[in-house]
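Residue strings, one per chain:
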Amino acid sequence: MKARFLTTGAFAAMTLFMVSYAAKANPGENLTGVLFGSKKAATKAHIKKVATEYKPSLRAEDNLYANFGTIDPVMWSADGAMDVARFNYEGREIKAFFDVEGQFVGTVENKQFGDLPEKARAYIAKKYGDSDIMEVIYFDDNEYSSSSMNVYDQMTQDEDNYFISLKKGDQEIVLRVDIAGGVHVFKVLNID
């Protein structure tokens with residue numbers, strides 16, 4: 001499955017993820033909880049309760065099932081102007097995003113450092129070996145879209161990327177790793 005995160009027109013500047021805010025609020029906390037909620041598995045009863053509290057557009061629901069088949073349970077929420085579906089798919093916890101028109105725009109999931117291309121792992125170990133890895137996130141974007149996505153308050157390129165959040169002293173360094181293993185400094189944040 002290929003998917004692309006995008007924002008449309010007036011929403012291009014919106015931040016889809018508030019990971020940087022959470023890192024400032026809770027320095028050193030693993031950011032899994034920011035993207036996927038609590039690390040504890042949600043019960044079906046809890047998911048059904050939350051799902052009844054937020055209703056996505058019918059088109060978003062239709063597009064979820066068109067892209068992923070029948071999945072249950074699904075927990076819906078909003079992230080800015082996006083409808084967000086959180087669910088398990090083929091043993092992985094996935095967040096799927098749908099724009100204001102209900103169109104499927106992409107997925108995000110947490111990954112491990114070992115999932116990165118070997119070239120990237122070697123470079124990061126050499127250059128940032130004294131840093132703590134806070135998070136590895138994979139964005140799977142939709143190649144049929146021409147829009148960009150806003151991550152860490154910064155526009156990204158329209159391609160699949162890993163984002164690695166490292167803590168070094170009082171800074172959080174966010175690296176972008178492309179599929180070929182190229183490593184790029186994406187953003188540096190000061191942690192209060």
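Here goes a summary of the coordinates provided. Treat the numbers as computed from the prediction; the structure is a model and nothing was measured.

**What to know about helix 5 (residues 118-128)**
Taken as a whole, helix 5 has its buried residues at Ala120, Ile124 and Tyr128. Summarising the axial view, the buried residues of helix 5 lie within an arc of 30°, below the 170-degree limit, and thus occupy one face. Away from its buried face, by an angle of more than 90 degrees, helix 5 presents the exposed residues Glu118, Lys119 and Lys126. Buried-residue contacts for helix 5 involve strand 8 (161-168), strand 9 (171-178) and strand 10 (183-190).

**What about the packing of aromatic side chains?**
For any pair of aromatic rings, the description consists of the separation of the ring centres together with the inter-plane angle of the planes. Summed over the entire model, instances satisfying the criterion amount to eight aromatic pairs. Ring geometry for Trp76 versus Phe98: centroids 5.7 Å apart, planes at 50°, classification tilted. Placement of Trp76 in strand 1 (residues 75-79) and of Phe98 in strand 3 (residues 92-98) is noted, with a sequence separation of 22 residues between them. Seen in terms of ring centroids, Phe98 and Phe104 are 5.5 Å apart; in terms of plane orientation they differ by 45°. Their pairing is tilted. A relative accessible area of 0% places Phe98 in the buried class. In textbook terms, an aromatic cluster arises when at least three aromatic residues are bridged by ring pairs, as seen for Phe68, Trp76, Phe87, Tyr89, Phe98 and Phe104.

Reading the values: the criteria
Residues numbered from 1 in each chain as written. Predicted model: local features only at pLDDT ≥ 70, side-chain atom pairs only at ≥ 80, totals over all residues. Heavy atoms only, no water. Buried < 20%, exposed > 50% of the residue type's maximum accessible area, 1.4 Å probe, protein only. Helix = DSSP H or I, 4+ residues; strand = E, 2+ residues; numbered from the N terminus. Arc of directions from axis to C-beta. Contact = heavy atoms within 4.5 Å. Phe/Tyr/Trp six-rings, centres within 6.5 Å; stacked < 30°, edge-to-face > 60°.

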